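The lines below spell out each chain.
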Amino acid sequence: MNSKIWLSAPHIGKTEEQYVKQAFNENWIAPVGPQLIEFESAIDAYLNTSSFSTALSSGTAAIHLALTLLNVANGDEVICQSFTFCATANPITYLGATPVFIDSELETWNMCPVVLEAAIKDRIKKNKKPKAIIFVDLYGMPAKIDVILKVASAYGIPVIEDAAEALGSTYKNRKCGTFGQFSILSFNGNKIITTSGGGALVSRTKAFQERALFYATQAKEPETHFQHQYIGFNYRLSNVCAAIGKGQMEVLETRIAQRQANHQFYEKLFQESLNISVFKSPNESYQPNYWLSCILINKTASFRSVDLINHLSNHNIEARLLWKPLHLQPVFKNSPYYGGSVCEDLFNCGVCLPSGSNLTPNDLLRIAEALSKFV
Ligand SMILES: *Cc1c(COP(=O)(O)O)cnc(C)c1O
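Residue positions are given per chain, counting from 1 as you read along its sequence in written order. Per-residue local features of the predicted model are confined to residues with pLDDT of at least 70, and side-chain atom pairs are confined, for both listing and counting, to 80 or more; whole-chain, interface and lining totals are unaffected and use all residues. Only hydrogens and water are removed before side-chain values are computed, so all heavy atoms of the structure are retained for them.

What about helix H11 (residues 361-374)?
Okay, step 1: Counted at 1.5 Å a residue, the expected span for H11 with its 14 residues is 20 Å, and the 20 Å between its end C-alpha atoms agrees.
Okay, step 2: Think of it in three bands: with a 1.4 Å probe and only protein chains considered, a residue is buried below 20% of the maximum accessible area for its type, exposed above 50%, and partly exposed in between. Counting from the N terminus, the helices are DSSP H or I runs at least four residues long and the strands are E runs at least two residues long. When we look at burial in H11, the residues that qualify are Asp363, Leu364, Arg366, Ile367, Ala368, Ala370 and Leu371.
Okay, step 3: Residue contacts are counted whenever heavy atoms from the two residues lie within 4.5 Å of one another. Looking at the buried positions of H11, the neighbouring elements they touch are helix H8 (239-269), helix H9 (305-314) and strand S15 (350-353). To estimate how far a helix should reach, multiply one less than its number of residues by 1.5 Å.

Right, here's the structure in full:
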């Protein structure tokens, strides 16, 4: 049997191990140390615009901290894109708040600004003005960010950008991870770069970054004894993991180029196909990192998404369905939802194909053969 081709496997470069060894040699085996600071500086330098990052144990923790810093509390409502991974919305519930889910638009698959505004108006009418808005750059595709930010600012509602999947994407020549009051990044094992597990909260000001660090390290007041006025968290990234991240930042550009090349490969493969269309940037303003390459299967095709996934699985190739919209998840059945069936329809006919930056030419050949046998 051929070796397994994964959807999106970790891809480690030459220097990561060296930096980890350095951390060991210097005994910085803690959530503090020089590699952590260097990793954060590398992120800020890369993002380039008003970004003050705090490296954390996960992207989920980053969303939890962002909501905390925006004073989201028990009984509040937070508007959230429905078409996303559960980690976007779960932290809303950690604070005792309720997510209000919003449908997607077809061009970027992200939060529909028209539905967003209708939802805000309706929540305000019900005397429940949303405390924050979380939009996502799903699969690395930037959302209609300008329009979303304009709607949000018209109602004075702060915005969190979930850029967990979009490090390296740009919207109107500005990096994803730099929009809204806060952005979050993820360095989970399947993301474009990894620290084995980790994330970052990207603040727009130094003051918020300091506040994020305070809450991420148990909210210790600046006293000689342990003094606590607020409930904090133990969310700081370990220096050992940051050492991996520091090495990964050095290869980020090549990783993005490799993922974009995978996407071109799929575009070419399916250019004549009547059954399959590849999800791509609507225009120049959107430059996705193509973290995952996704396709939609035409409703008139003789096969469905699960058939394709099973077929690839028989060839030891991993593919997956798109994220199941959160408003359809049993755990969120009591949350309000605004919109129609855009994201539900995408979920019903979409597939994520192998997209790792370490796919070899031979892997791509195997994928092409398996796919052409089927479609
Ligand atoms: C991965 C991911 C997260 C969470 O990041 P973790 O580091 O796994 O906690 C949040 N949102 C989206 C859209 C993600 O894909």
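Section: the domain arrangement of the chain
It is common to give the size of an interface as the accessible area lost on bringing the parts into contact.
Okay, step 1: What counts as a domain boundary in this text is fixed by an automatic or database domain assignment. Parsing the chain into structural domains produces domain 1 (14-249) and domain 2 (252-374).
Okay, step 2: The distance between the C-alpha centroids of domain 1 and domain 2 comes to 25 Å.
Okay, step 3: With 47 residues of domain 1 in contact, the opposing surface of domain 2 contributes 37 residues.
Okay, step 4: Across the domain 1 to domain 2 interface the summed buried area is about 3,800 Å²; carbon plus sulfur atoms make up 67%.
Okay, step 5: Within this document, salt bridges are pairs made up of a side-chain nitrogen of Lys or Arg and a carboxyl oxygen of Asp or Glu, the two lying within 4 Å of each other. At the surface where domain 1 touches domain 2, the tally comes to zero salt bridges.
Okay, step 6: Contributions of two or more residues to the side of domain 1 that touches domain 2 are made by helix H4 (90-94), strand S3 (98-102), helix H5 (113-125), strand S6 (170-171) and H8.
Okay, step 7: Per element, the largest residue contribution to the side of domain 1 that touches domain 2 is five residues, and it comes from S3.
Okay, step 8: The classification used treats Ala, Val, Leu, Ile, Met, Phe, Trp, Tyr, Cys and Pro as nonpolar, Asp, Glu, Lys and Arg as charged, and all other residues, Gly among them, as polar. Along the lines of polarity and charge, the residues of the side of domain 1 that touches domain 2 split into 24 nonpolar, 14 polar and nine charged. Buried surface area refers to the total accessible area, computed with a probe of radius 1.4 Å, that the two partners give up upon joining, counted for both partners together.

A few points about H5
Okay, step 1: A rise of 1.5 Å per residue sets the reference length of H5, with its 13 residues, at 18 Å; its end C-alpha atoms lie 18 Å apart and thus fit the reference within 8%.
Okay, step 2: Looking at H5, one finds that the buried residues are Pro113, Val115, Leu116, Ala119, Ile120, Asp122 and Arg123.
Okay, step 3: Elements that come into contact with the buried residues of H5 comprise strand S2 (77-81), S3, strand S4 (132-136), helix H6 (145-154) and strand S14 (337-338).
Okay, step 4: Immediately downstream of H5, the backbone of Asn127 shows phi near 65°, a positive value.

Let's talk about the sheet that holds S15
Okay, step 1: Two strands qualify as a pair provided DSSP detects at least 2 bridges between them. Overall, antiparallel pairing links the four strands, which are arranged S10-S12-S15-S13 in an open sheet. Both edges of this open sheet fall to strand S10 (276-278) and strand S13 (320-321), since each of them pairs with a single strand only.
Okay, step 2: Note that strand S12 (residues 293-297) and S15 share four bridges and pair antiparallel. When the sheet's bridge partners are listed, Leu296 is paired in S15 with Gly350.

A look at the site of the ligand
Okay, step 1: Here, proximity means that at least one heavy atom of the residue falls within 4 Å of the molecule or strand. If you check the shell around the ligand, you find 15 residues, and the closest are Thr60, Asp162, Glu165, Ser186 and Lys191.
Okay, step 2: N or O atoms closer than or at 3.5 Å make up a polar contact, with two conditions inside protein: a donor-capable atom paired with an acceptor-capable one, and, for residues adjacent in sequence, both atoms drawn from side chains. The separation between an oxygen atom of the ligand and a polar side-chain atom of Glu165 is 2.5 Å.
Okay, step 3: Gly198 places a polar main-chain atom, nitrogen or oxygen, 3.4 Å from an oxygen atom of the ligand.
Okay, step 4: Across the complex, the protein chains shield 94% of the 380 Å² of accessible surface that the ligand would expose by itself.
Okay, step 5: Here the ligand occupies the largest pocket.
Okay, step 6: Taken together, the residues of the shell around the ligand sort by class into four nonpolar, eight polar and three charged. Residue-level accessible areas treat just the shown protein chains as cover; the underlying method is Shrake-Rupley with a 1.4 Å probe. In the cavity and pocket records, a cavity denotes points on a 1 Å grid over the protein atoms alone where a 1.4 Å probe fits but cannot get out, a pocket denotes an open set with protein on both sides within 12 Å along at least 5 of 7 lines, and lining residues are residues with an atom within 4 Å of a point. A molecule is said to be in a cavity or pocket once over half of its atoms fall within 2 Å of that pocket's grid points.

Quick look at the environment of Tyr215
Okay, step 1: Considering the arrangement of structural elements, one finds Tyr215 in helix H7 (residues 206-216).
Okay, step 2: By relative accessible area, Tyr215 is classed as buried at 10%.
Okay, step 3: Linking Tyr215 and Pro10, residues 205 residues apart in sequence, is a C-alpha distance of 30 Å.
Okay, step 4: Those residues in contact with Tyr215 that sit more than four places away from it in its chain are Leu65, Thr68, Leu69, Tyr230, Ile231, Gly232 and Phe233.

Some points on the sheet that holds strand S8 (residues 182-186)
Okay, step 1: With mixed pairing, eight strands are arranged side by side in an open sheet as S1-S9-S8-S5-S4-S2-S3-S14. The open sheet has two edge strands with one neighbour each: strand S1 (52-56) and S14.
Okay, step 2: For S2 and S4, the ladder comprises three bridges, and the chain directions are parallel. Looking at the pairing, Ile79 lines up with Ile133 of S4.
Okay, step 3: Those strands touched by helix H2 (residues 34-47) are S1, S8 and strand S9 (199-203), and its axis lies near 135° from that of S1.
Okay, step 4: Those strands touched by helix H3 (residues 59-69) are S1, S2, S4, strand S5 (159-162), S8 and S9, and its axis lies near 165° from that of S8. Interaxial angles span 0 to 180 degrees and are taken between N-to-C directions of axes, which are lines fitted to C-alpha atoms, for helices over the stretch in contact.

Topic: the nonpolar core
Okay, step 1: For this analysis, a nonpolar core means a set of buried residues of the types Ala, Val, Leu, Ile, Met, Phe, Trp, Tyr and Cys, connected via side-chain atoms within 4.5 Å. Judged by nonpolar contacts, the single largest core of 61 residues is most densely connected at Ile79, Ile133, Tyr139, Leu167 and Leu185.
Okay, step 2: Elements represented by at least two residues in this core include exactly H2, S3, H5, S4, H6, S9, H8 and helix H10 (342-349).
Okay, step 3: Two domains each put at least three residues into this core: domain 1 (14-249) and domain 2 (252-374).
Okay, step 4: Once residues lying within four places of it in the same chain are set aside, the contact partners of Ile79 are Val100, Ile102, Met111, Leu116, Ala119, Ile120, Pro130, Ala132, Ile133 and Ile134.
Okay, step 5: Among the nonpolar cores identified, the runner-up in size contains 33 residues, and Leu67, Val78, Ala97 and Phe233 belong to it.

What to know about the pattern of salt bridges
Okay, step 1: Applying the stated criterion across every chain yields a total of twelve salt bridges.
Okay, step 2: The closest approach of N and O atoms between Glu17 and Lys21, which form a salt bridge, is 3.7 Å. Linking Glu17 with Lys21, this pair stays in helix H1 (residues 16-25), spanning four residues, or about one helical turn.
Okay, step 3: Judged by its relative accessible area of 55%, Glu17 falls in the exposed class.
Okay, step 4: In this structure, the salt-bridge partner of Asp122 is Lys126, at a minimum N-O distance of 2.8 Å.
Okay, step 5: Taking relative accessible area as the criterion, Lys126 reaches 47% and is therefore assigned partly exposed.

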